[in-house]
Amino acid sequence: MQGGISIAIGYLPVAITFGLLAKSTGLQLYETVLMSLIVYAGASQYIALSLITAGTGVIEIIFTTFIVNIRHFLMSASLSEKVEDESIWKKALYSFGLTDETFSVASMKDGTVNASYLFGLMLIAYASWVINSGIGYIIGASLPSTLQESMSIALYAMFIGLLVPSLKKQRKVLYLAVLAAVFNSIFYATGRISTGWSIVLSTLISAVAVEWFYMKYERKRENG
C-alpha cells in the first residue's frame, strides 16, 4: 500500500475532475461512482463522457473504450513475466486493478512481485479513484448551474493535456492525431456515419496508416 500512496495522490485531482464533468454531462451520482467502480480507466471514462454528451450509442462507446484500453493486453503480458506463480482467480482479481501507473510501479520494483503486493498497490489506487470521483460529483452539484454547464470545456482541455506530453516524445503521435482529426471531419461532413463510429473508424484507419508508413520508412532506412 505504501507503493500505491503516490498513485492515490496523483489520482485525486483527475478523479475529482471526472466527477465534476460527469455532473455537467448529466450523469447521476450513483452512475458516476458505478462507472469508476466497474470501468476504472481514466482516459476511457473521459472519452465515454464526451461520447455520452454527443448522444453516441452504447456499442460505439464500448468499442471506442476497448480500443483505448487495448494497451492493457501488452502491459498484462509484460507484468506476467515479473509476478510469482499464482492461482488463476488471484490473477483475475488483481488484473482488474492494472493501470498505467500501477503497472509502472510494479514493473520498477526490484525482483519479482506477489499477489499480496499487487493487491495492496492496486487497492489504495482504486479506492482513491472511486471515492474522489464521488467527491468531485458532490462538489460539482454545489456549483452554480452556469458554472456546471461551462465545465464541459474542461473535457477538451483534459484531452489536450493528455496529448501534448506524447507529442513531445514522438512525432508519430502528432501525425496520428492530425490524420484522425482529418478522417473524423470527413466522416462527420458526410452525415452518414454516427459520431461514435466516426471516432472508432478514424482511430483505426489512422493507427493502421501511420504504423504502415513508419514500417515502410524504417525498412527503407535500414536498407540504405
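Further up the page is the structure itself.
Note that the structure is a prediction, hence the values are computed from the model and not measured. (Residues numbered from 1 in each chain as written. Predicted model: local features only at pLDDT ≥ 70, side-chain atom pairs only at ≥ 80, totals over all residues. Heavy atoms only, no water.)

J.: Teacher, can you tell me more about the pattern of salt bridges here?
T.: Note that side chains of opposite charge can pair when their charged atoms are close. Per the stated rule, a full pass over the model turns up 2 salt bridges. Between Arg-71 and Asp-100 there is a salt bridge whose closest N-O contact spans 3.0 Å. Here Arg-71, found in helix H5 (residues 71-80), pairs with Asp-100, found in helix H7 (residues 100-108); they are 29 residues apart in sequence, far enough to count as distant. For Asp-100, a relative accessible area of 31% translates into the label partly exposed. One salt bridge in this structure joins Lys-90 and Glu-86, with 3.8 Å as the shortest N-O distance. (Salt bridge = Lys/Arg side-chain N within 4 Å of Asp/Glu carboxyl O. Helix = DSSP H or I, 4+ residues; strand = E, 2+ residues; numbered from the N terminus. Buried < 20%, exposed > 50% of the residue type's maximum accessible area, 1.4 Å probe, protein only.)

J.: What is the right way to look at the side chain of Thr-102 in this model?
T.: Relative to the helices and strands, Thr-102 resides in helix H7. Beyond its immediate chain neighbours, meaning those up to four positions away, Thr-102 contacts Ile-7, Gly-97, Leu-121, Met-122 and Ala-125. (Contact = heavy atoms within 4.5 Å.)

J.: Teacher, can you tell me more about the packing of aromatic side chains here?
T.: Ring pairs (aromatic) are described by centroid distance and by the angle formed between their planes. The full count for this structure, using the stated rule, is 11 aromatic pairs. When the ring of Phe-18 is compared with that of Trp-129, the centres are 6.1 Å apart and the planes differ by 25°; the resulting orientation is stacked. Here the residue Phe-18 occupies a position in helix H1 (residues 2-25), and Trp-129 occupies one in helix H8 (residues 115-141), the gap between them amounting to 111 residues. Relative to Phe-73, the ring of Phe-66 lies with its centre 6.3 Å away and its plane at 75°, an arrangement referred to as edge-to-face. Its relative accessible area of 53% is what places Phe-73 among the exposed residues. Three or more aromatic residues joined by ring pairs form one cluster here, namely Tyr-11, Phe-18, Tyr-46 and Trp-129. Seen from the ring of Tyr-117, Lys-109 lies directly overhead, with NZ or CZ sitting 5.0 Å from the centre. (Phe/Tyr/Trp six-rings, centres within 6.5 Å; stacked < 30°, edge-to-face > 60°. Lys NZ or Arg CZ within 6 Å of the ring centre and 35° of its normal.)

J.: Even after reading the chapter, I still don't get helix H4 (residues 58-68), so can you show me in this structure?
T.: Given 3.6 residues per turn, any residue in an α-helix points the same way as the ones three and four places further on. Buried residues of H4: Glu-60, Ile-61, Thr-64, Thr-65 and Ile-67, and no others. Buried residues in H4, looked at end-on, bunch into an arc of 155°, giving them a common side. In this structure, H4 carries Val-58 and Ile-59 as exposed residues pointing more than 90 degrees from its buried face. (Arc of directions from axis to C-beta.)

J.: Sorry, what's going on with unusual backbone geometry here?
T.: Most peptide bonds take the trans configuration, and most residues that are not glycine carry a negative phi. Its identity is not glycine, yet Tyr-40 carries a phi of approximately 50°, on the positive side. As for its placement among the helices and strands, Tyr-40 is situated in the loop between helix H2 (29-38) and helix H3 (42-53).

J.: Sorry if this is basic, but what is going on with the environment of Gly-134 here?
T.: Mapped onto the fold, Gly-134 is located in helix H8. When the C-alpha atoms of Gly-134 and Tyr-30 are compared, they prove to be 8.3 Å apart, with 104 residues separating the residues in sequence. Discounting chain neighbours no more than four positions away, the residues touching Gly-134 are Leu-29 and Val-33.

J.: Can you help me understand the packing of H1 against H7 in this one?
T.: Each packed pair of helices is defined by two parameters, the angle between the axes and the distance between the axes. Packing of H1 against H7 brings their axes to within 10 Å, and their N-to-C directions diverge by 155°. In this view, H1 runs roughly antiparallel relative to H7, as classed from their interaxial angle. As H1 packs across H7, the resulting crossing turns out to be right-handed. In contact with Gly-3, Ile-7 and Tyr-11 of H1, H7 contributes Glu-101, Thr-102 and Val-105. For the contact of H1 with H7, a count of residues per class yields 3 nonpolar, 2 polar and 1 charged. (Axes fitted to C-alpha atoms, helices over the stretch in contact; angles between N-to-C directions. Parallel < 35°, antiparallel > 145°, perpendicular 65-115°, else oblique. Left-handed = near helix turned anticlockwise from the far one by under 90°. Nonpolar A, V, L, I, M, F, W, Y, C, P; charged D, E, K, R; others polar.)

J.: Is there a simple way to think about the packing of H1 against H3 in this case?
T.: At a minimum axis distance of 10 Å, the contact between H1 and H3 shows a crossing angle of 10°. On the basis of their axis angle, the class for H1 and H3 is roughly parallel. Along the contact surface, H1 presents Val-14, Thr-17, Phe-18, Leu-21, Ala-22 and Thr-25, while H3 presents Gln-45, Tyr-46, Leu-49, Ile-52 and Thr-53. Of the residues belonging to the contact of H1 with H3, the class tally is 7 nonpolar, 4 polar and no charged.

J.: What's the story with a nonpolar patch on the surface in this structure? I'm lost.
T.: A contiguous nonpolar patch, built from Ile-59, Phe-63, Trp-197, Leu-201, Leu-204 and Ile-205 and spanning about 480 Å² of accessible area, is present on the exposed surface. Secondary-structure elements contributing two or more residues to the nonpolar patch are H4 and helix H12 (195-222). The leading source of residues in the nonpolar patch is H12, at 4 residues. You can see Leu-204 is positioned in helix H12. Owing to a relative accessible area of 37%, Leu-204 belongs among the partly exposed residues under this scheme. (Patch = residues over 30% accessible without salt bridge, like charges linked within 9 Å, V, L, I, M, F, W, Y side chains within 5 Å. Areas by Shrake-Rupley, 256 points an atom, 1.4 Å probe, with all protein chains shown as cover.)

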